[in-house]
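Chain and residue survey
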Amino acid sequence: MSESNAAKDPSSRTRGKAPGILPGLLQGMVTTAKSALRPTHTAEYPHAEPTLPPRSRGVIALLEENCTSCMLCARECPDWCIYIDSHKETIPATTPGGRDRQRNVLDRFAIDFSLCMYCGICVEVCPFDALFWSPQFEYAEYDLRDLLHEKERLGGWMATVPPPPALDPAAAEPAEVTAANRPERGRP
Ligand code: SF4
Ligand code: SF4
């Protein structure tokens, strides 16, 4: 066979390499057998509940009592999918000669989960700990409009928010605790 004919014949290219194929083939079969015997990690949802990490981003819960209607979360939301309405209420002075105070009253707080991209910015920026992540994810709807959760529904998710993780015993003492424990000036 001429040199050009040998290049066209595929069997002539593999003929000299046959001993190298068998170990590779056996190794592949051993790997397949090992994988087949290993326990599966796939949860057959919805027949089996998946085990999710406690900090999974499933849905956002609202603790209404903590919300001051400061609008920070709505302003920072990149998708503009948080809707807040509030009004001011006057609280009469409690002491004679005192001044009346004003406070915001939350009328509406809604998140449109059909627009939300689960970035978590709203939860991070809230200065009053009014928003929390819940791992609950079973709220799919047939109609996109039903993914607009009003404050009553957002408040209902609070029951599914996991407790915060325990403090790290090796962590440094918080600065405010150190400051509170510092002796007053002029005292030993
Ligand atoms: S998670 Fe992100 S996109 Fe969703 S409501 Fe919060 S800030 Fe907006
Ligand atoms: S940032 Fe927090 S306190 Fe301010 S409006 Fe949003 S949820 Fe309420």
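The numbering scheme is per chain: residues are counted from 1 as the chain's sequence reads. Both sets of labels track the order of writing: A upward for chains, 1 upward for ligands. Thresholds applied to this predicted model are a pLDDT of at least 70 for local features of residues and 80 or more for the giving and counting of side-chain atom pairs; totals over whole chains, interfaces and linings are not thresholded and use all residues.

Pairing within the open sheet is antiparallel, and its three strands lie in the order S2-S3-S5. On the outer flanks of this sheet lie strand S2 (82-91) and strand S5 (148-149), each paired with one strand and no other. In short, DSSP must find at least two bridges between two strands for them to pair. Numbering of helices and strands runs from the N terminus; a helix is a DSSP stretch of H or I covering at least four residues, while a strand is a stretch of E covering at least two. Taken together, the two bridges between strand S3 (residues 101-112) and S5 define a ladder with antiparallel strand orientation. Across the sheet, Asp112 pairs through a bridge with Leu148, a residue of S5.

Attention now goes to the confidence of the model for the protein chain. The quantity called pLDDT is the predictor's confidence in a given residue, expressed from 0 to 100. Per-residue confidence for the protein chain gives a mean pLDDT of 88, with 88% of residues at or over 70. Each residue is represented by a C-beta atom placed from its backbone, and any two residues with such atoms within 7 Å are regarded as in contact. In the model, residues 1-8 has pLDDT below 50 throughout and makes two contacts with residues more than four positions away in sequence or in other chains.

With that out of the way, let us pick up the site of ligand 2. All residues adjacent to ligand 2 are Cys67, Thr68, Ser69, Cys70, Met71, Leu72, Cys73, Ile84, Cys126, Phe128, Ala130 and Leu131. Looking at side-chain class alone, the shell around ligand 2 contains 10 nonpolar, two polar and no charged residues. Think of it this way: take the backbone, place a C-beta atom on it, and check whether that atom is within 6 Å of the molecule or strand, in which case the residue is near it. Throughout this entry, Asp, Glu, Lys and Arg are counted as charged residues, while Ala, Val, Leu, Ile, Met, Phe, Trp, Tyr, Cys and Pro are counted as nonpolar. The remaining residues, Gly among them, count as polar.

Take the nonpolar core next. Ile60, Ala61, Leu62, Cys73, Cys122, Leu131 and Leu154 are the most contacted members of the largest nonpolar core, which totals 19 residues. Contributing elements (two or more residues each) for this core: strand S1 (59-62), S3 and strand S4 (131-134). Element by element, the count of residues in this core is highest for S1, at four residues. Residues contacting Leu62, with those up to four places away along its chain left out, are Cys67, Phe109, Ala130, Leu131, Lys151, Leu154 and Gly155. The nonpolar core criterion groups buried Ala, Val, Leu, Ile, Met, Phe, Trp, Tyr and Cys residues into a set whenever they are joined through C-beta atoms within 7 Å. Residues are called buried when their C-beta atom has 20 or more other C-beta atoms within 10 Å, exposed when it has 12 or fewer, and partly exposed otherwise; all C-beta atoms are positioned from the backbone.

What follows concerns unusual backbone geometry. Look at the link from Tyr45 to Pro46: it is a cis peptide, with omega at 10°. Residue Asp129 is not a glycine yet carries a positive backbone phi of 50°. Secondary-structure assignment places Asp129 in the loop between helix H5 (121-125) and S4. Residue Asp129 is classed as exposed on the basis of its 10 C-beta neighbours within 10 Å.

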